[in-house]
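Chain by chain, the residues:
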Amino acid sequence: QQLDELNKDRKAIEQGMQREALAQLKDLPLVDMPFGLCLFDPDWHQGVIGILASRIKDKLHRPTFVLARGNEGEVKGSGRSIPGLHLRDALDLVAKHHPDLLLRFGGHAAAAGITLREDDLALFEQAFEAVCRQLIAPADLTRTLETDGPLETAHMSLDSARLLQAQIWGQGFPPPLFADEFRVENQRILKDKHLKLTLSKNGARFDAIQFNFAAAAPARIRAAYKLDVNEYNGVASVQLMLEHFEPAQA
């Protein structure tokens, strides 16, 4: 019960920070949007800045740093990146251009952490933007999904989902992402933020869900998805985890 309460508190803090972050971003220009994003609020909680950076990065497809106050006079930031930018290498370049700017930094291609003086926030934002524009090709700022194509209906099974689930996936070796056309048989919104669907293909029906997406789907969709195992009341079934969908071609 204590863990559950802590998790609820964490979610509430994260959701509040996300609303405040999006409010900071609402005036961003649509035509000449920054290549990199830096967000800071003196009241933000250090414990969830990484989650928030990931959410904003996914939403806007930009390398994103979210920062909160640390030790006196300092701020700590957590960053998440897109495939076109190695985040740790970008920070290394920032440090070379401005040797006294970053007090500490480290990470890898997709995620990194920084510590700097609060008075240097504006300088870091400018330096990070300059490095992002130097290293990122404009084409990398367009969100793309590479899929493994369609999956035969016979393989959209619990056995296949369990087989994929048993493998080890990671950076540079992601789990298969399939793409197929479906008819939407039923749909509803769960907890005001997740889209739950029943999809059909070649006479077979499948449960599907897209998290953090609350818009309605058209009658026919082309969807990118992963196979997953859904267990409820001791019963296991295959579930499609949607990454993206769009109206199917007529």
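All values derive from a computational prediction rather than experimental measurement.

About the cut-offs
- Within every chain, residues take consecutive numbers counted from 1 along the sequence as written.
- Given that the model is predicted, a residue must reach a pLDDT of at least 70 before its local features are reported, and side-chain atom pairs must reach 80 or more before they are shown or counted; all residues, however, enter totals for whole chains, interfaces and linings.
- The side-chain figures draw on all heavy atoms in the structure; neither hydrogens nor water molecules are used.
- Strands were regarded as paired on the criterion that DSSP finds at least two bridges between them.
- Comment: elements are numbered from the N terminus, with helices defined as DSSP H or I runs of at least four residues and strands as E runs of at least two.
- Every axis in this analysis is a line fitted to C-alpha atoms, fitted for helices over the stretch in contact. Angles between the N-to-C directions lie between 0 and 180 degrees.
- Helices are assigned an expected span. That span is 1.5 Å times one less than the residue count.
- Contacts: residue pairs with any heavy atoms within 4.5 Å of one another.
- A pair is scored as a salt bridge if a Lys or Arg side-chain nitrogen falls within 4 Å of a carboxyl oxygen belonging to Asp or Glu.
- Only protein chains enter the accessibility calculation, which uses a 1.4 Å probe; a residue whose area is less than 20% of its type maximum is buried, one above 50% is exposed, and one in between is partly exposed.

Trainee: Can you walk me through the sheet that holds strand E9 (residues 220–232) in this structure?
Mentor: Sheets are built from strands that pair by backbone hydrogen bonding, the pairs being arranged parallel or antiparallel. Pairing is mixed around the closed barrel formed by five strands, whose spatial order is E6-E7-E8-E10-E9. With direction set aside, neighbouring strand axes in the sheet form an average angle of 45 degrees. Sheet topology places strand E6 (residues 178–190) next to strand E7 (residues 194–201); seven bridges connect them, and they run antiparallel. Paired with Asn 186 across the strands is Thr 198, a residue of E7.

Trainee: Just checking my understanding: could you explain helix H1 (residues 2–25) for this structure?
Mentor: Since one α-helical turn is 3.6 residues long, residues separated by three or four positions face the same way. Over its 24 residues, H1 extends 35 Å from the first C-alpha to the last, a length consistent with the 34 Å expected when each residue adds 1.5 Å. Buried residues in H1 make contact with strand E1 (37–40) and helix H2 (49–60).

Trainee: Before we go on, may I ask you to explain the pattern of salt bridges in this structure?
Mentor: Side chains bearing opposite charge may pair, as long as their charged atoms lie close to each other. Applying the stated rule across the entire model yields 14 salt bridges. Linking Glu 74 and Arg 104 is a salt bridge whose minimum nitrogen-to-oxygen distance equals 3.5 Å. Pair noted here: Glu 74 is in strand E3 (residues 74–80) and Arg 104 is in strand E4 (residues 102–107), with a separation of 30 residues, a long-range link. The exposure class of Glu 74 is buried, given its relative accessible area of 18%. A relative accessible area of 44% means that Arg 104 is categorised as partly exposed. Across the pair Lys 96 and Asp 92 runs a salt bridge whose closest N-O atoms are separated by 2.6 Å. Pair noted here: Lys 96 and Asp 92 are both in helix H3 (residues 87–97), with a separation of four residues, about one helical turn. Note on Lys 96: relative accessible area 55%, which makes it exposed. Judged by relative accessible area, Asp 92 falls into the partly exposed class, the value being 23%. A single network of salt bridges, built from pairs that share partners, joins Arg 10, Glu 14 and Arg 55.

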